[in-house]
Amino acid sequence: MMNKPTINKPTIRKPLQGVRITDFTVHAAGPFCTHMLALLGAECIKVESTKRMDVFRKPHPVYGRMEAASFAQVAANKLSIQINMKHARGAELARRVIAISDIMCESFRPGVMERLGIGYEALKAIKHDIVMVSISACGQTGPERNYRGYAPLFGATGGLGTLTGFADGPPVEMRHAMDHGTGLAAAAATLAAYLRKKRTGKGQHVDISAREVATSFIGDALLQYAATGQSSGRQGNDIPGMAPHNVYPCLGTDMWISIAVAQDSEWAGLARAMGREQWISDPQYATSASRWEHRRVLDEEIAQWTRTRTREALTALLQKHGVAAFPSYHAKDIVEDPHMLSRGAIKELRSPKGETRLAVGVPWRFSRTPGSIDTWTPELGEHNRYVFGELLGMKESEILELIEDQAIY
Amino acid sequence: MPAALNDTPLDGVVVIEHCRSVAGSYAGRMLALMGARVIKIEAPGTGDPLRRMPPFLDGEQRSALFDYINVNKASITLDLSTKPGRALLDELLKKADVFMDDTRPLDRRALGIDPEQVADQQPSLLYASVLPFGAVGNHCNYFAYELNTLHSGGEGYLMPNGLALDLFPERPPVKIYGQFAQFVGGTSAVCAIISGLLVQDQVGGQLLDISVQDANVALSCFNIQRLGEGVLENRHGRSFQYGGVLECVDGYVGLLTLEQKQWEGLVKLMGDPEWTQEEWLKDPLNRGRRGAEINKHIRAWAKSQRVEDLVLRGQAQGVPLAKYVGPDEIMAAEQTKARDMFVEVDIPGVGKVPMLTAPFQLMTPETLTAYPAQPGASNAAVFCEMLGHSKAELDRWRADKVV
């Protein structure tokens, strides 16, 4: 099902139908933000150039990928155009695309957009109510705004990675979930700014710092530290007040189940499921505090019990007894899960060449205005003619001349 | 939706939050910081169980997590299983733009808050269902806390990587700190709710079915993408081929050199040691293939380095290096202060403490108000002032344990 950008279906209104985004973001955080908005129906125009291609179009050896990705989730549902931003006529062309957009997203280092003549103040002159979204490592202001970073690094400077890990071990690097978490927070902020523009007619510059998003995930630890001067540090799989609370081995290689108990009723459910009813009346397990005290003993007992059973059988049994339990899912589990498939959370996409690929679907189900994932990763410049020709009304000769001049490059 | 009177995105928007999960409460927090009037419904008596979730702040037993995720909200109590309680909810929903609920679908029907039942009465209301596995599907009635949802989304299986994994290869996966998956679910809910508000004038109300699992699978989409490339990721295979967490004399740093220039900067930073001069190291693909060898050298070198000094010199060479910092250093950092990340909040029994605002610089309220110590502290304001009931009625409901 190709989603032709020129055809709108008025009967099925998507939340962001008719909203246009010029998207200069690359890597993971920014593209995830605009990917979310594209799922909601925005027309997202991704700007790259032969000189500045997004990472998925290249090998990525540090991640162990030795060639370009054949499909990139976060680029799906987007249009692709080529603009050489280092060319004066390229920057001018970019301004024209932005002028017909509602939202502009970028993830350059702070200051770069100003140098290119498309900083927020310059854009306001072109389009007074533009919502400009900047996603950077440390934000647009402050002494460390020029700090260079990737997800694992803002996981470090934001504190989330520091508090993640075994109590007797080192901190742990945050991976794509951190980039994408930043992108998700950015999407929420962008939607809020766009709603405000719709209600008040005012645009604004939304400033997202990946490091601050990382920090937002430890807000409770920060509050605890501010009030008490104490911080609990790394705690492995523990959550204070909850026990048993861990990941336990199951039948098979590298198979695990997560089990979490908070309330007394859940504890009784676990004891019954395990055939250990005597635990219910055992005073050393009577309260959540006493279970917490004995959590390592309990972990041993539970692991003994789970080791010889399958994740699926354990999950079904524990859920029946009112206990929060779920397998530790790997990618294959997710794409084969009938529950996920029934929700449309996993979708098969088809490339123009006929390749198929499983992609993550829309993570929300709207009863009246559902979003959708329709189109494959665009080829670099696949939509040059549509954007420059149809949307900007440029003549073919004009486009060819800009290609010749390497402004469209 | 009423007209906006001030500069916050959600000024005038009324949200009724009937949530006990961290995900739902976190969504309410974000909406409140965006300017919405968020009214949280708790059970009469002891209120939300999360109130009793350690770690606690000084003074009275106030939960750090509960206070963090419920700031800027009003608290009312309501027993929805009683007739007058359910009727009051209807009155509230008539005044509301959004209803957020995380009751299990099985229990919704009994309380008369099934999305269809509510839609019959309130056709223009946005019903935001925030559940671990969504409102439909085989698992929709499953119980789950943070640990379970983190593992349902794929990221739980893949943690840790790098140094922590090399040190403890036999241990079970380790979770991300705190309530990561729940906050992600909450942020995802905010996206859906604002999207619903954007078209509410045209299409009216609707059901927004938000699944914490779906949100986390979306976040872990790279994992699904790798599967499509024929790679089923696991903790060992997913580790960076080289770099990552490094132990220094006085703490830990993270290192990631994705570009050639950055690698060259790292070689310089290490003082051009002999092992870096080998021909195969010049090719990034080779470095990717033989990362373990590189790591052995880098880790040995890092052990003699001091964190602050290393990070400064590294940034000067263009090498992406960062210190793993804790809450103390975050609060003291110049960057934190320059960006007004914290706002003082007066917590009953604790006093004035700085609290993190929202993870974006937007038009957010400049003041933070602590969540009330007593469940139902806003009962009079909501039932009398907002809904127009008399004090006598409220007293009667109190006596009947409706509120």
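What you see is a predicted model, and the numbers here were worked out from it, not measured in a lab.

**Q** Before we move on, could you go through the overall build of chain B and cite the residues and values that matter?
**A** From N to C terminus, chain B includes 19 helices and 13 strands. Overall size of chain B, expressed as C-alpha extent along the three principal axes, is 85 × 45 × 40 Å. Taking all 403 residues of chain B together, 63% fall into the buried category. For chain B, the exposed surface amounts to about 14,500 Å²; the carbon and sulfur share of it is 51%. Between the mean site of the 39 positive side-chain charges and the mean site of the 50 negative ones, chain B shows a separation of 3 Å.

**Q** Please provide a residue-by-residue account of the sheet that holds strand E7 (residues 126-131) of chain B, values included.
**A** Spatial strand order, E12(A)-E8(B)-E7(B)-E6(B)-E1(B)-E2(B)-E5(B): 7 strands in an open sheet with mixed pairing. The outermost strands of the open sheet, each flanked by one partner alone, are strand E12 (364-366) of chain A together with strand E5 (73-77) of chain B. If you compare each strand with its neighbour and ignore which way they point, the axes differ by 20° on average. Against the sheet, helix H3 (residues 83-94) of chain B contacts strand E1 (14-18), strand E2 (37-42), E5 and strand E6 (98-101) of chain B, and its axis sits at roughly 150° relative to E1 of chain B.

**Q** Requested: an account of the side chain of His389 of chain B, with residues and values cited.
**A** Residue and element names in this part refer to chain B. When you line up the elements, His389 lands in the loop between helix H18 (379-386) and helix H19 (391-399). At a separation of 2.6 Å, a polar atom in the side chain of His389 contacts the side chain of Glu91. Excluding residues that lie within four positions of it along the chain, His389 makes contacts with Leu88, Glu91, Phe383, Cys384 and Trp397.

**Q** Before we move on, can you summarise the sheet that holds strand E8 (residues 256-260) of chain A with the specific residues and values?
**A** Residue and element names in this part refer to chain A. Read across the sheet, 3 strands follow the order E7-E8-E9 without closing on themselves; strand pairing throughout is antiparallel. Each end of this open sheet is capped by a strand with a single partner; those strands are strand E7 (245-249) and strand E9 (324-327). With direction set aside, neighbouring strand axes in the sheet form an average angle of 20°. Strand direction decides the pairing type here: E7 and E8, joined by 5 bridges, are antiparallel. Counterpart to Pro249 in the pairing with E8 is Trp256. This element, helix H13 (residues 295-306), spans E7 and E8 of the sheet and lies at about 35° to E7.

**Q** Describe the nonpolar core, naming the residues involved and giving the relevant values.
**A** Residues Leu160 and Trp364 of chain A are the most contacted members of the largest nonpolar core, which totals 181 residues. Apart from residues lying up to four places away in sequence, Trp364 of chain A is in contact with Met36, Leu39 and Leu40 of chain A together with Ser188, Cys191, Ala192, Asp209 and Ile210 of chain B. Counting 30 residues, the second largest nonpolar core, distinct from the first, contains Met104, Ile130, Ile399 and Ala407 of chain A.

**Q** I'd like to hear about the packing of aromatic side chains, residue by residue, with values.
**A** Residues and elements named next belong to chain B. Counted under the stated rule, the structure contains 19 aromatic pairs over all chains. With centroids separated by 6.1 Å and ring planes inclined at 45°, the aromatic side chains of Tyr68 and Phe183 adopt a geometry described as tilted. Here Tyr68, found in helix H2 (residues 64-69), pairs with Phe183, found in helix H8 (residues 180-203); they are 115 residues apart in sequence, far enough to count as distant. Here Phe383 and Trp397 contribute two aromatic rings whose centre-to-centre distance is 6.3 Å and whose plane-to-plane angle is 65°, an arrangement assigned as edge-to-face. Pair noted here: Phe383 is in helix H18 and Trp397 is in helix H19, with a separation of 14 residues, a long-range link. There is no split in this pair, since Phe383 and Trp397 are both buried.

**Q** An account of helix H7 (residues 176-200) of chain A is requested, with residue identities and associated values reported.
**A** Residue and element names in this part refer to chain A. Its 25 residues place the ends of H7 35 Å apart at the C-alpha level, agreeing with the 36 Å of an ideal helix rising 1.5 Å per residue. With respect to burial, H7 is a largely interior element, 23 of its 25 residues being buried. Remark: Gly201 follows H7 within two positions and exhibits a positive phi of approximately 80°.

**Q** Break down the environment of His180 of chain A for me, citing the residues and quoting the values.
**A** Residues and elements named next belong to chain A. In this fold, His180 is placed in helix H7. You can call His180 buried: its relative accessible area is 2%. Each C-alpha atom of the pair His180 and Val74 lies 9.4 Å from the other, and the pair is 106 residues apart in sequence.

**Q** I'd love a proper account of the packing of helix H1 (residues 29-39) of chain A against H7 of chain A, names of residues and values included.
**A** Residue and element names in this part refer to chain A. For the pair H1 and H7, the least separation of the axes is 7 Å and the interaxial angle reads 45°. By the criterion of interaxial angle, the relationship of H1 to H7 is oblique. Helix-helix and strand crossings are classified by hand; for H1 and H7 the assignment is right-handed. Contacts between H1 and H7 involve Ala29, Phe32, Cys33, Met36 and Leu37 from the former and Asp179, His180, Thr182, Gly183, Leu184, Ala186, Ala187, Thr190 and Leu191 from the latter. Broken down by class, the residue content of the contact of H1 with H7 amounts to 9 nonpolar, 4 polar and 1 charged.

**Q** Can you break down the packing of helix H17 (residues 384-391) of chain A against helix H18 (residues 396-404) of chain A residue by residue, with the values?
**A** Residue and element names in this part refer to chain A. One way to put it is that H17 packs onto H18 with a least axis distance of 10 Å and a crossing angle of 130°. Taken as axis vectors, H17 and H18 run oblique relative to one another. Note on packing geometry: the crossing formed by H17 with H18 is right-handed. Along the contact surface, H17 presents Arg385, Phe388 and Gly389, while H18 presents Glu396, Ile399, Leu400 and Ile403.

**Q** Describe a positive patch on the surface, listing the residues and the values that go with them.
**A** Among the surface-exposed residues, Lys51, Lys86, Arg109 and Arg115 of chain A together with Lys261 of chain B lie close enough to one another that they form a single positively charged patch. Within the fold, Lys261 of chain B resides in helix H12 (residues 260-269). The class for Lys261 of chain B is exposed, based on a relative accessible area of 64%.

**Q** Give me the pattern of salt bridges: which residues, what numbers.
**A** Using the criterion set out here, one finds 51 salt bridges over all chains in the structure. The salt bridge involving Glu301 of chain A is made with Arg276 of chain A; its shortest N-O contact spans 2.7 Å. Placement of Glu301 of chain A in helix H13 and of Arg276 of chain A in the loop between helix H10 (264-273) and helix H11 (278-281) is noted, with a sequence separation of 25 residues between them. Between Arg108 of chain B and Asp101 of chain B there is a salt bridge; the shortest N-O distance is 2.7 Å. Judged by its relative accessible area of 1%, Arg108 of chain B is buried. Put simply, Asp102, Lys127, Asp129 and Lys197 of chain A are held in one network by salt bridges that share partners.

What counts and how
Residues numbered from 1 in each chain as written. Chains lettered and ligands numbered in written order. Predicted model: local features only at pLDDT ≥ 70, side-chain atom pairs only at ≥ 80, totals over all residues. Heavy atoms only, no water. Helix = DSSP H or I, 4+ residues; strand = E, 2+ residues; numbered from the N terminus. Buried < 20%, exposed > 50% of the residue type's maximum accessible area, 1.4 Å probe, protein only. Areas by Shrake-Rupley, 256 points an atom, 1.4 Å probe, with all protein chains shown as cover. Lys, Arg positive; Asp, Glu negative; His and termini not counted. Charge placed at Lys NZ, Arg CZ, Asp CG, Glu CD. Pairing = 2+ DSSP bridges. Axes fitted to C-alpha atoms, helices over the stretch in contact; angles between N-to-C directions. Contact = heavy atoms within 4.5 Å. Polar contact = N/O pair within 3.5 Å; in protein donor to acceptor, adjacent residues only side chain to side chain. Core = buried A, V, L, I, M, F, W, Y, C linked by side-chain atoms within 4.5 Å. Phe/Tyr/Trp six-rings, centres within 6.5 Å; stacked < 30°, edge-to-face > 60°. Expected span 1.5 Å × (residues − 1). Parallel < 35°, antiparallel > 145°, perpendicular 65-115°, else oblique. Left-handed = near helix turned anticlockwise from the far one by under 90°. Nonpolar A, V, L, I, M, F, W, Y, C, P; charged D, E, K, R; others polar. Patch = residues over 30% accessible without salt bridge, like charges linked within 9 Å, V, L, I, M, F, W, Y side chains within 5 Å. Salt bridge = Lys/Arg side-chain N within 4 Å of Asp/Glu carboxyl O.

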